[in-house]
Amino acid sequence: GAALIALALACNLPYLRLAATFDYPGILREPPETILAALTTGGAPLIATWYAFAACALIFAPLAMAHALPRTATQPALAIAAAIAGALAGLLQAMGLLRWVLVMPQIATMPDPATTFAALHAMGGAVIGEHLGQLATALHLGLMTAIHRREGRRTLAMTGAITTTLLTAGSFETPALALHLPGDPFAMAAIAGYLALTLWLNLAGLSLLRR
């Protein structure tokens with residue numbers, strides 16, 4: 001319970017720093033030259049911030065498993081599915097974020113980095129992190145919502161259902177852009193979904209501490 005609350009708070013620290021120093025997440029839709037210039041200007045402190053953000057995503061995986069698996073005695077199918085989805089969510093989102101630490105700085109030093117950057121940015125960020133990782137997070141939340149509903153935890157279940165809906169909607173920003181549809185509503189849903197996830201993690205942590 002304490003770890004869930006700590007993670008909820010810790011994840012917001014690198015996010016806020018990235019928003020202040022890197023214009024995140026709005027900069028992700030800028031031209032490659034603009035993003036690479038900002039990445040180079042940010043230097044080592046910016047890379048360290050991205051690593052901290054990725055570490056938070058990775059830590060989500062074992063905590064999600066630890067939160068779900070104790071329910072295998074009473075709700076085995078839902079608990080195991082939620083644990084697997086949580087592990088995938090943490091892994092996929094960490095992979096997407098780590099591209100800023102392990103790949104993008106090297107691309108920025110190339111003579112003509114724009115094409116390579118655009119391809120890896122789309123695959124590592126839009127596909128792996130923002131779409132698949134976000135869908136896995138929504139799936140984990142949806143399964144945990146079903147568990148909490150059966151346990152009679154109404155506040156957690158309601159918050160989880162709202163978070164699941166927002167994250168699922170937000171994950172379709174990239175497909176919407178590919179279909180030449182407006183991406184802003186999906187982007188706003190994603191931001192709201194992660195704010196709701198922060199609230200859900202705190203509520204889940206407090207629930208465990210009370211037990």
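For the structure, check the block above.
The rules behind each value
- Residues numbered from 1 in each chain as written.
- Predicted model: local features only at pLDDT ≥ 70, side-chain atom pairs only at ≥ 80, totals over all residues.
- Heavy atoms only, no water.
- Phe/Tyr/Trp six-rings, centres within 6.5 Å; stacked < 30°, edge-to-face > 60°.
- Helix = DSSP H or I, 4+ residues; strand = E, 2+ residues; numbered from the N terminus.
- Buried < 20%, exposed > 50% of the residue type's maximum accessible area, 1.4 Å probe, protein only.
- Expected span 1.5 Å × (residues − 1).
- Contact = heavy atoms within 4.5 Å.
- Salt bridge = Lys/Arg side-chain N within 4 Å of Asp/Glu carboxyl O.

Caption draft 1: Representation of the packing of aromatic side chains. With the rule as written, the count across this model stands at nine aromatic pairs. Between the aromatic rings of F22 and W100, the centroid separation amounts to 5.6 Å while the plane-to-plane angle is 80 degrees, which identifies the pairing as edge-to-face. Linking F22 in helix α1 (residues 2–22) with W100 in helix α3 (residues 76–102), this pair joins segments that are 78 residues apart in sequence. Since its relative accessible area comes to 2%, F22 is described here as buried. Under the relative-accessibility criterion, W100 is labelled buried at 0%. Seen in terms of ring centroids, W50 and W100 are 4.9 Å apart; in terms of plane orientation they differ by 15 degrees. Their pairing is stacked.

Caption draft 2: Region of the structure containing α1. Over its 21 residues, α1 extends 30 Å from the first C-alpha to the last, a length consistent with the 30 Å expected when each residue adds 1.5 Å. As for α1, its buried residues are in contact with α2 (32–68), α3 and α8 (184–210). Of the residues trailing α1, D23 is marked for its positive phi of about 55 degrees.

Caption draft 3: Representation of the pattern of salt bridges within the structure. One pass over the full model with this rule turns up four salt bridges. The shortest N-O distance in the salt bridge between E130 and R29 comes to 2.7 Å. In this pair, E130 sits in helix α5 (residues 114–150) while R29 sits in the loop between α1 and α2, placing the two residues 101 residues apart along the sequence. Across the pair R29 and E173 runs a salt bridge, and its minimum N-O distance is 3.1 Å. In this pair, R29 is assigned in the loop between α1 and α2 and E173 in helix α7 (residues 173–178), connecting sequence segments 144 residues apart. On the basis of relative accessible area, R29 is assigned to the partly exposed category, the value being 39%. For E173, a relative accessible area of 11% gives the class buried. In this structure, a network of salt bridges that share partners links the residues R29, E130 and E173.

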